[in-house]
Amino acid sequence: MNEPSANPNAGWNFDHSYARLPEFFYTKQEAKPVRAPQLIVLNDKLAAELGLNAEALRSEENVAVFAGNRLPPGAEPLAQAYAGHQFGYFTMLGDGRALLLGEQITPGGDRFDIQLKGSGRTPYSRGGDGRAALGPMLREYIISEAMHALGIPTTRSLAVVTTGETVVREQDLRGAILTRVASSHVRVGTFQYAAQFGELTDVRTLADYVIQRHYPQLAELADTGEAGRYLALLREAIQRQAALIAQWQLVGFIHGVMNTDNMTLSGETIDYGPCAFMDAYDPATVFSSIDRHGRYAYGNQPSIAVWNLSRFAESLLPLLHDEEEQAVRLAEEALKGFAGQFEAAWLKGMRSKLGLFGEQAEDAALIHDLLGLMHQHHADYTNTFLALTFGRLEEPPMAYTPEWAEWLERWRARLAGQPETDDAVRELMRRSNPAVIPRNHRVEEALEAAVKREDYSVMERLLQALAQPFAHTPEQADYAELPPASDRPYRTFCGT
Ligand SMILES: Nc1ncnc2c1ncn2[C@@H]1O[C@H](COP(=O)(O)OP(=O)(O)OP(=O)(O)O)[C@@H](O)[C@H]1O
């Protein structure tokens, strides 16, 4: 098995910078062959961006690549080691059901990890079977591609294949493998692993690797101290996460499992397990059925990000300054920056959603008052902004109370006070308020058709609508429909 003979015309062009790190960071590992691979979905557009030939990828040989039955030319599969805090508890983890085939170098010279998720057991599998089920892998495909179309940094999905094998969960499920594409898979948990189980040189090696790969502008800075590159790395990672979480909040995305192994150093969203988009606005919304205490509720996401980044900072401490006290001071100062950066990015996004140009002191109150009303009236988050964008206020997204009328008056007065035309305002709002998000009931409907009836047309239509969330086409109006009241509040199943 695993002979390196896949169709050479597919365009695989691997390098292996991660594999050049010390073996402490990974284990070389081949995929376990599966019985009967079948291609379910292939992302033609992403394939082209990666310099891959979509037609060749559909060939039997390359479907075998997506299944782990064949190695593409130049691949050197490995499972990455990492640790992490899961729901606040530290544990050793690692790719227990994933393999990095290598880093695809695109025609433009960019570098992307190509990873198979669900490819069989590895030394990090603990008690797990190393496998994944079709529903969750399609879910990751749909939501990650929706996030990308919304302009939110994310890992991406190139393909899903079924394996022809059964995975045993609470019930028997169809096995599947997702081919995931990422700027890298280095996580906060990778640093925690190095700090906990390795030497200081391992942390330094990993930090230099991440700087080279994601923050090359920092490479020439001094080693330690206030002007050092490791402090700069911490600051940059904080900045990217602040920007990322602000984007999540702006579209109502709830990650669901913000464990430290699910926070990347690239600043991309990773691991679409029990995630979902909020319907009615409520900061306490939780989607994961295993998150009993609401640790990862929508409204907690910014503070959990700081918690995770604090674990990252702890792993870096000895690199920040020779004296521990000074290192702690520098880390704390950097972490304090998150709140301001998050708030600035979020306010900027919210102003755009409301068509506000420029900045005025009362904008924050205007925005918070709107959210307060939405919360009070259980108004749908996405549809409220759509109603405001298109002036559909004859069918208000919430009860037409005096407070709502008063808020509308304040908003209109703020708009009237700016020099931009109505068209410019509408255009800004159209670009800032998606017509379609992957609402849970629509995703579940697509998955049910796919998994239970092998009908992939529902998913294909959904993917098409999600690919251009700001197009505001008539067909997309269909996806603005809310779930039936009986479905609310609901939780996504936390299947893997
Ligand atoms: N079926 C399984 N067999 C073996 N290991 C598993 C299995 N499911 C999850 N794991 C491992 O458990 C840990 C946590 O799982 P989690 O569901 O958060 O990650 P994942 O979805 O598998 O991976 P990723 O974070 O890369 O998207 C990871 O180390 C993962 O590899």
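Residues numbered from 1 in each chain as written. Predicted model: local features only at pLDDT ≥ 70, side-chain atom pairs only at ≥ 80, totals over all residues. Heavy atoms only, no water.

Going by what an unreviewed UniProt entry lists, the chain is known as Protein nucleotidyltransferase YdiU and is assigned to Paenibacillus phoenicis. For the chain, the Sequence similarities (unreviewed entry) comment in UniProt is given as "Belongs to the SELO family." Recorded in UniProt under Function (unreviewed entry), the annotation for the chain is "Nucleotidyltransferase involved in the post-translational modification of proteins. It can catalyze the addition of adenosine monophosphate (AMP) or uridine monophosphate (UMP) to a protein, resulting in modifications known as AMPylation and UMPylation." (UniProt positions renumbered as here; feature names shortened; annotations may be inferred.)

Now for the overall build of the chain. If you tally the helices and strands in the chain, you get 15 helices and 13 strands. In terms of C-alpha radius of gyration, the chain reaches 23 Å, essentially the compact-globule figure of 23 Å for 496 residues. Over its C-alpha atoms, taken along the principal directions, the chain stretches across nearly 70 × 60 × 45 Å. The buried share of the chain, reckoned over its 496 residues, is 57%. (Helix = DSSP H or I, 4+ residues; strand = E, 2+ residues; numbered from the N terminus. Rg over C-alpha atoms; globule rule 2.2 N^0.38 Å. Buried < 20%, exposed > 50% of the residue type's maximum accessible area, 1.4 Å probe, protein only.)

A separate point is the packing of aromatic side chains. The tally for this structure, following the rule as stated, stands at 19 aromatic pairs. Seen in terms of ring centroids, F24 and F25 are 5.1 Å apart; in terms of plane orientation they differ by 75°. Their pairing is edge-to-face. With relative accessibility at 22%, the residue F24 sits in the partly exposed group. Note on W248 and F253: the rings are 5.3 Å apart at their centroids and 70° apart in plane angle, and the pair reads as edge-to-face. Residue classification places W248 among the buried positions, given a relative accessible area of 3%. Ring-pair connections join several aromatic residues into one group, and the members of that group are F24, F25, F90, Y193 and F197. Its guanidinium or amino end placed over the ring of W307, R295 lies 4.8 Å from that ring's centre, counting from NZ or CZ. (Phe/Tyr/Trp six-rings, centres within 6.5 Å; stacked < 30°, edge-to-face > 60°. Lys NZ or Arg CZ within 6 Å of the ring centre and 35° of its normal.)

Our focus in this paragraph is the UniProt feature "binding site: Mg(2+)" (unreviewed entry) in the chain. Mapped onto this numbering, the UniProt entry gives "binding site: Mg(2+)" (unreviewed entry) at N262 and D271. Relative to the assigned elements, N262 resides in the loop between β12 (253–254) and β13 (276–277). If we skip the residues at most four places from it in the chain, N262 touches R187, H255, V257, I270 and D271. Only 2.9 Å separates the side chain of N262 from the backbone oxygen of V257, close enough to count as a polar contact. With respect to the helices and strands, the residue D271 is situated in the loop between β12 and β13. (Contact = heavy atoms within 4.5 Å. Polar contact = N/O pair within 3.5 Å; in protein donor to acceptor, adjacent residues only side chain to side chain.)

The subject of this paragraph is the packing of helix α9 (residues 324–353) against helix α10 (residues 363–377). In the contact formed by α9 and α10, the axes pass within 11 Å of each other and the chain directions differ by 75°. Here α10 runs roughly perpendicular to α9, going by the angle between their axes. Facing α9, whose interface residues are E343, W346, L347, M350 and R351, α10 presents D363, A364, I367, H368 and L371. (Axes fitted to C-alpha atoms, helices over the stretch in contact; angles between N-to-C directions. Parallel < 35°, antiparallel > 145°, perpendicular 65-115°, else oblique.)

For the rest of this paragraph, the subject is the pattern of salt bridges. Under the defined criterion, the tally for this structure stands at 27 salt bridges. Between D113 and R213 there is a salt bridge; the shortest N-O distance is 2.7 Å. Of this pair, D113 sits in strand β8 (residues 111–117) while R213 sits in helix α6 (residues 200–214); the two residues are 100 residues apart in sequence, bridging distant segments of the chain. Given a relative accessible area of 16%, R213 falls into the buried group. Taken together, the salt bridges that share partners define one network made up of D15, R20, E103, R111, D113 and R213. (Salt bridge = Lys/Arg side-chain N within 4 Å of Asp/Glu carboxyl O.)

Right, let's talk about helix α15 (residues 457–467) for a bit. Of the residues making up α15, those classed as buried are V458, M459, L462, L463, A465 and L466. Seen along its axis, α15 keeps its buried residues to an arc of 165°; they face one direction. Buried positions along α15 lie against β3 (38–42), α4 (134–149) and α14 (440–453). (Arc of directions from axis to C-beta.)

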